[in-house]
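Observations on the model geometry
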Amino acid sequence: MVELERDGEYLKIEQKFTSWKDLLKPVTEKDFKPGFYHYPILKKDAEYLGIPYRDWDPTEPDWHLPEGWKETFLNKFKELLEKNRQFKLFMDICVRCGACADKCHYYLGTGDPKNMPVARAELIRSIYRRYFTKVGKIFGKWAGARELTEDVIKDLYYYLYQCSLCRRCSAFCPYGIDTADIVWRGRELLQSIGTVQRFSYISIAACAKTGNHLGLLPGGIVESLQSAAEDIYDITGVEIEIPVNKKGADILFVTPSGDYFATPHWYTFMGYLMLFHELEERYGFSYTWSTYASEGGNFGTFASYELAQKLSHKIYDEAERLGVKWILGGECGHMWRDKHQFMATMNPVPKTKTLEEPVSPITGTYFENAAEAKIVHIAEFIADLIEHKKINLDKSRNDHWKVTFHDSCNPARGMGLYEEPRYVIKNVCNYFYEMPEHTIREKTYCCGSGGGLLADEVMELRMRGGMPRAMAVKHVHKRYGVNYLCTICAIDRAAFPHLLEFWKLPVEVGGMTELVGNALILSDEEQERELDLRGNPLHKGEE
Amino acid sequence: MSLVYLELFITDVLPYIAGVIFIVGTLNRIINWAKAPVPLKIPTTCAQQKSLPFIRRTWEDRLDSPYTMWETIGRMILEVFLFRSLFRNMRYWLDKQKGVDTRWLWLFALMFHYSMLIILLRHLRFFTNPIPGFLGLINKLDGQVVFVPPLYITGILALVALFWLWARRILCSRERNISYPADHLILALLAGILITGNLMRYIFKVDLYAVKEVALGIVSFHPVGAAVVNQIGWIFFVHLSFVCVTIAYLPFSKIMHFAGVFFSPTRNMPNDNRAHVHVNPWNPPYHGITWQEYYEMYKDQLDEIAENGYKVKPEV
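To start, this report covers the structure provided alongside it. The structure displayed is predicted, hence computed values, not measured ones. (Residues numbered from 1 in each chain as written. Chains lettered and ligands numbered in written order. Predicted model: local features only at pLDDT ≥ 70, side-chain atom pairs only at ≥ 80, totals over all residues. Heavy atoms only, no water.)

1. Overview of the overall build of chain B
Helix and strand counts for chain B stand at 17 helices and three strands. Rg of the C-alpha trace for chain B: 29 Å, well past the compact-globule value of 20 Å for 316 residues, more than 25% over. By its C-alpha atoms, chain B is 105 × 45 × 40 Å across when sized along the principal axes. Residue burial in chain B is summarised as follows: out of 316 residues, 51% are buried. Nonlocal contacts in chain B, meaning residues at least 24 apart in sequence, comprise 67% of its contacts between residues at least 6 apart. Summing over all exposed atoms, chain B offers an accessible surface of approximately 15,800 Å²; the carbon and sulfur share of this is 70%. (Helix = DSSP H or I, 4+ residues; strand = E, 2+ residues; numbered from the N terminus. Rg over C-alpha atoms; globule rule 2.2 N^0.38 Å. Buried < 20%, exposed > 50% of the residue type's maximum accessible area, 1.4 Å probe, protein only. Contact = heavy atoms within 4.5 Å. Areas by Shrake-Rupley, 256 points an atom, 1.4 Å probe, with all protein chains shown as cover.)

2. What about the sheet that holds strand β5 (residues 287-288) of chain A?
Residue and element names in this part refer to chain A. Pairing in this open sheet of four strands is parallel, and the strands run β5-β4-β6-β7 from one edge to the other. Looking along the sheet, the strands with just one partner apiece sit at the ends: β5 and β7 (375-377). Where strand β6 (residues 326-329) lies against β7, three bridges are found, and the strand directions are parallel. Each bridged residue has a counterpart across the sheet, and for I327 the counterpart in β7 is I375. Of the strands in this sheet, β4 (251-254), β5 and β6 touch helix α14 (residues 305-322), which is tilted by about 150 degrees from β4. (Pairing = 2+ DSSP bridges. Axes fitted to C-alpha atoms, helices over the stretch in contact; angles between N-to-C directions.)

3. Considerations on the interface of chain A and chain B
Taken together, the contact pairs 130 residues of chain A with 95 residues of chain B. Of the roughly 9,700 Å² buried between chain A and chain B on both sides combined, carbon and sulfur atoms contribute 60%. The largest contributions to the chain A side of the interface with chain B come from R85, R96 and N369 of chain A, which together make up 8% of the buried area. Where chain A meets chain B, there are seven salt bridges. The tally of links between chain A and chain B comes to 69 residue pairs in polar contact (both at pLDDT 80 or more). The residue makeup of the side of chain A that touches chain B, split by class, is 65 nonpolar, 27 polar and 38 charged. Of the pairings in the sheet, the one linking strand β3 (residues 242-243) of chain A to strand β3 (residues 311-312) of chain B comprises two bridges and is antiparallel in character. Each bridged residue has a counterpart across the sheet, and for I242 of chain A the counterpart in β3 of chain B is V312 of chain B. (Buried area = accessible area lost by both parts, 1.4 Å probe. Salt bridge = Lys/Arg side-chain N within 4 Å of Asp/Glu carboxyl O. Polar contact = N/O pair within 3.5 Å; in protein donor to acceptor, adjacent residues only side chain to side chain. Nonpolar A, V, L, I, M, F, W, Y, C, P; charged D, E, K, R; others polar.)

4. Considering the nonpolar core
All names here are of chain A. One finds F73, F77, I153, L156, Y201 and W503 to be the most contacted residues of the largest nonpolar core, which totals 151 residues. Residues lining this core come from more than one domain, with at least three contributed by each of domain 1 (2-31 + 52-195) and domain 2 (204-519). Here Y201 is in contact with I41, D45, L49, I51, Y161, Q191, V196, A303 and L307, once residues within four sequence places are set aside. Core analysis: the second largest hydrophobic core is formed by 92 residues, I242, F285, L328 and V403 among them. (Core = buried A, V, L, I, M, F, W, Y, C linked by side-chain atoms within 4.5 Å. Domains from an automatic or database assignment.)

5. A look at the sheet that holds strand β9 (residues 432-433) of chain A
All names here are of chain A. In spatial order, the strands read β9-β8-β10-β11; together these four strands make up an open sheet with parallel pairing. Single-partner strands in this sheet number two, and they are β9 and β11 (508-511). Summarising the sheet, strand β8 (residues 403-406) and β9 pair through two bridges and their orientation is parallel. Its bridge partner lying in β9, T404 is registered against Y433.

6. As for a nonpolar patch on the surface
Residue and element names in this part refer to chain B. A surface patch of nonpolar side chains, amounting to about 820 Å² of accessible area, comprises M69, W70, I73, I77, F81, L82, Y114 and L117. Counting only elements with at least two residues in the nonpolar patch, the list comes to α4 (69-82) and α6 (104-127). Looking at which element gives the most residues to the nonpolar patch, the answer is α4, with six residues. Owing to a relative accessible area of 34%, I73 belongs among the partly exposed residues under this scheme. (Patch = residues over 30% accessible without salt bridge, like charges linked within 9 Å, V, L, I, M, F, W, Y side chains within 5 Å.)

7. Looking at empty space enclosed by the protein
Residues and elements named next belong to chain A. All told, the structure shown has seven cavities of 30 Å³ or more when counted by the stated rule. As a volume, the largest cavity reaches approximately 220 Å³. Residue lining of the largest cavity: 22 residues in total, with S164, L165, H334, N410 and G451 positioned closest to the centre. Put simply, the parts of the chain that give the lining of the largest cavity at least two residues each are α10 (179-192), α15 (334-346), α17 (409-413) and α21 (490-502). For the lining of the largest cavity, the leading source of residues is α15, giving three residues. When grouped by side-chain class, the residues that make up the lining of the largest cavity number 11 nonpolar, nine polar and two charged. Looking at which domains feed residues into the lining of the largest cavity, each of domain 1 (2-31 + 52-195) and domain 2 (204-519) gives three or more. A volume near 150 Å³ is recorded for the second largest cavity. (1 Å grid on protein atoms, 1.4 Å probe; cavity = no way out; pocket = protein on both sides within 12 Å on 5 of 7 lines; lining within 4 Å. Points joined across faces, edges and corners; volume = space filled by probe spheres on them.)

Interpretation note: all reported values are geometric properties and have no functional meaning in isolation.
This is how it looks when you write it as structure tokens:
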């Protein structure tokens, strides 16, 4: 057992081990801990998305599973096995070597052996063995198989929603077993019988309808853009004009909808607007926001293939309607797993006259790595601008920040975006420090709240899951005085302020483009800038 | 007398049963995997992607986040022959909240697998006549330790590594927790093979000419008779039984990872997703709201945006 101090209080992490038999024994509502289980899906969302609904409570013994649930579940299982080679393979080839065990931040933070990635996969593998392999049918428990019962469903519900799909374990697995994929399929199975969490389905339903997770209507988005423009005016004295739903623009910009409202996303949002304004002034850059494709993120990727497809469809649809040349994507984590690995497969790129291979209109750089999907990451875009010296930057405006960079799980392990954001940050800040080697790049730790776990009811799980990251931040905070955690993920920006407060670390959280916005010298800016985007005074030349 | 029948069963029947089960079972597994489509390209990208020309990409980046086919093949070679991902292994010290590189598992796993490979190759000398030259070389290199007969290094290393791997399943609480009976079973079978093999070589020596006759008989489908079998000591039959049982068990066990690793989409697919879009053969059609429906739902607000010339300005 380990006790971690946080400002006089202690957080106990108890690692308990029993035997393999307990791995197969379901954890049920009797053992559900508050702060670890999710609320069930709401009726309106279930009905809107066509998911079977009934009134149930995870803390009650009877979950009122729908009639014939076992058959539905197993039929879905069979279908998924037939349609997904990786799923079938990951069911078969695990040797339980344990390389993944202490790679999971939820396991590290909770000490619960069932949070080891191998154990999480075994939740589903045990059912697979019982119903889809001969050895499991004959030898049962002794072959690691278990009967599908209501208790097993409870077990699945509890633990499949304690994974943030960060894929850290997958980097260490000698066979590349991807727990995120297994959990994704597992949640799809739960969805077939309506036993799913509330949080992400609220956003999925909202996004399916309005085009963004927050359910903002066109008017709301416009208001949001407008107040950001006003904030920019207050700080820079520059009046900017923001194109929305503009046909014939060169580029469609999409970003996670958190940016329209939340803090500290807001400052990154301002950063985008300032950058695009500057490019428009100097180079005639032509872009547009869209209210229809107003969501870059995709909570469907936490739920099922079909829902993921449903949410990302609008982007190409809108690109086609507006007649843009290509798409630029903002800072977001799982959004880039989706945009890089899923979107163009799920929604084939429309063959239109206008959509073309992405070339930066300012530098002429051809983004070869995005040739077919035609979507470029903002870090790639800005890094290219900086390399070609197309924007003027005053690094010293970020001198009050001692910056460290958190590799968000999905751009890291699902895309390989490591150097571009670092290149940008190093060019807009004077003080940049890396966190310890074991906590960055492909070994990066999750914020603890991704993959549909950003719900308030699982706060303790999130705080515990974020422990390894928080400890890494603590390290650089103590050693270098780091006071700014830069991240390129909207969920990170929503999660970290809580996490850092929980671990009592006086470190601010923000995005890469916020730092760019601070450093960016607008060509039509007449006065000397006195405030950063957060309204902090800039003490230039005093240090 | 009845013992001879048992011995003949072990030399003349069991290997064929085991062989058939192994071949049919393994093919069945492989075909079963190959039959299922891969809906998404999901490489785990463990290094810098290929992007802009000024973003440096080292050879390690190319292998851990491959962009071309050759880089992907390179990644697979590293994975299969050098256990690249295990080499990345680390341990988290909870009390210090710190990760440190830990390569013991990698070292012993590599030691075990390579020793087993060389042992298998060494055994080919029983199945070939004349013996190919490279087998003689392996034999010579492996038998450097002076002893009578020369001590095979791999025979000992495999056993040491196996017991290390087993010990961690028994002594480390975390690994004990995730070890099923099946995990112990396969280790026990392999230990049985290695122990009887070593005993046969160094202690209970058997007539190797007769053994070779049995081996050649098996592969040439001319099983030997009682006269040959009678010349061989009992331990050979124990060894061969362990081998046959293990071979027959392989298709039902986790040892299928030897074939599965080649199919793993997080390793065998290039990270060129946006440059070459993957096609999902069963991609369902889109069901959801179209622009037209969206427009009708929020007509007023969308028209207002149009009236303002698709522009938003600050009120200052």
